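# Results of the structural survey
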Amino acid sequence: MRIAPSILSADFAALGEAIARVEAAGADQLHVDVMDGHFVPNLTIGPPVIESIRKRLPLDVHLMIEEPERWVETYVKAGADYLTIHVEACAHLERALSLIREAGAKSGVALNPSTAPEVLEYVLDDLDLVLVMSVNPGFGGQSFIPTAYEKIRRLRALLGSRNVLVSVDGGVKVENAGPLARAGATVLVAGSSVFGAPDPGAAVAALRSASEVAKSA
Ligand code: DX5
Ligand code: ZN
């Protein structure tokens, strides 16, 4: 299981320090939420912030923006190791995924809670990561929507033996880390349950052990 703290819930005035704490606690990658105020009703950060935090943990950049294909090169150049676009925001998904790989990053697709996993049937070989949204994107700190469990199981069946990460994003906490691992998730994205905790490093460790205990049970 990979643990990916989402910096959306970190203190942006002390971002370097927040990242150092989860890095020291063994986080595997950092999840970076980019919002455009159109695809989702919120605005966050863009390429300059990504550039300034690169060269530390691998960056898992989640684009919640319209026409993401126009921005692929910019975000890969800024430092995205994984670049994830929303299927709902992109009319030409196969082309956009090829652009991501050609630009030198791993390709990801995110699915809103209402989107069926079968929409990916004809791009399965173009994917390195699928991000199952377990909240409607736009804000941290929302409640987990439990239909994500069945979606992860269906996605796993669709993916077969392909080497694709299955990530889950939204409302992830110690309580659902185990069931998510059993359903087939391989990346846990967690914002408020890590950076809202008194000790973010301990929160990373708790997520990891909850998911590993569940898998070996
Ligand atoms: C929401 C973002 C998430 C967010 C998750 O649109 O995609 O990555 O940071 O926050 P929590 O873990 O607080 O639900
Ligand atoms: Zn996200």
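What you see is a predicted model, and the numbers here were worked out from it, not measured in a lab.

### Some words on helix α4 (residues 93-103)
Because an α-helix packs 3.6 residues into every turn, residues spaced three or four apart end up facing the same way. Within α4 the residues assigned to the buried category are L93, A96, L97 and I100. Taken end-on, α4 shows its buried residues confined to a sector of 100°, consistent with a single buried face. Projecting away from the buried face of α4 at angles above 90 degrees are the exposed residues R95 and E102. Looking at the buried positions of α4, the neighbouring elements they touch are α3 (72-78), β4 (82-86) and β5 (106-111). The positive-phi residue at the C-terminal boundary of α4 is G104, with phi of around 105°.

### Re the nonpolar core
The biggest cluster of nonpolar side chains holds 62 residues, and the ones touching the most others in it are I7, V61, L83, L93, L120 and L180. If one sorts the elements of this core by residue count, helix α5 (residues 147-159) sits on top with five residues. Setting aside residues no more than four positions away along its own chain, L120 makes contact with L93, V109, L111, L127, V130 and L155. Residues A4, A110, L129 and M133 belong to the second largest nonpolar core, which totals 10 residues.

### Here we look at the coordination of the zinc ion (ligand 2)
Looking at the zinc ion (ligand 2), the protein donor atoms are H31 (NE2), D33 (OD), H62 (ND1) and D169 (OD), and they sit 2.1 to 2.3 Å from it. Geometry at the zinc ion (ligand 2) is octahedral, judged from the six donor atoms that bind it and their angles of 72 to 170° at the metal. On the basis of relative accessibility, which here comes to 0%, the residue H31 falls in the buried class.

### Looking at the site of ligand 1
Around ligand 1, the structure places 20 residues, and the nearest of them are S6, G138, G141, D169 and S192. For ligand 1, an oxygen atom lies 2.8 Å from a polar atom in the backbone of G191. Burial of ligand 1 by the surrounding chains reaches 100%, relative to a free accessible area of 380 Å². When contributions to the shell around ligand 1 are tallied by element, the ones reaching two or more residues are β2 (30-35), β3 (59-64) and β8 (187-190). No other element matches β2, which puts three residues into the shell around ligand 1.

### Description of the sheet that holds strand β1 (residues 2-5)
One open sheet accounts for eight strands, arranged β1-β8-β7-β6-β5-β4-β3-β2; its pairing is parallel. Looking at the sheet topology across the chains shown, the edges are occupied by β1 and β2. With direction set aside, neighbouring strand axes in the sheet form an average angle of 25°. Note: β4 against β5, five bridges, orientation parallel. Paired with L83 across the bridge in β5 is S107. Running at roughly 145° to β5, α4 makes contact with β4 and β5 of the sheet.

### Considering helix α6 (residues 174-183)
Within the span of α6, buried status applies to N176, A177, G178, L180, A181 and A183. Count one or two residues on from α6 and you reach G184, which has phi positive near 125°.

### Focus: the packing of aromatic side chains
Per the counting criterion, the structure on display carries two aromatic pairs. For the ring pair F144 and Y149, a centre distance of 5.2 Å and an interplane angle of 55° mean the geometry is tilted. The class for F144 is buried, based on a relative accessible area of 17%.

Rules of the game
Residues numbered from 1 in each chain as written. Chains lettered and ligands numbered in written order. Predicted model: local features only at pLDDT ≥ 70, side-chain atom pairs only at ≥ 80, totals over all residues. Heavy atoms only, no water. Buried < 20%, exposed > 50% of the residue type's maximum accessible area, 1.4 Å probe, protein only. Helix = DSSP H or I, 4+ residues; strand = E, 2+ residues; numbered from the N terminus. Arc of directions from axis to C-beta. Contact = heavy atoms within 4.5 Å. Core = buried A, V, L, I, M, F, W, Y, C linked by side-chain atoms within 4.5 Å. Donors = N, O, S within 2.8 Å, 3.2 Å for Na, K, Ca; no water. Tetrahedral: all angles 85-135°; square planar, octahedral: opposite > 155°, others 65-115°. Near = heavy atom within 4 Å. Polar contact = N/O pair within 3.5 Å; in protein donor to acceptor, adjacent residues only side chain to side chain. Areas by Shrake-Rupley, 256 points an atom, 1.4 Å probe, with all protein chains shown as cover. Pairing = 2+ DSSP bridges. Axes fitted to C-alpha atoms, helices over the stretch in contact; angles between N-to-C directions. Phe/Tyr/Trp six-rings, centres within 6.5 Å; stacked < 30°, edge-to-face > 60°.

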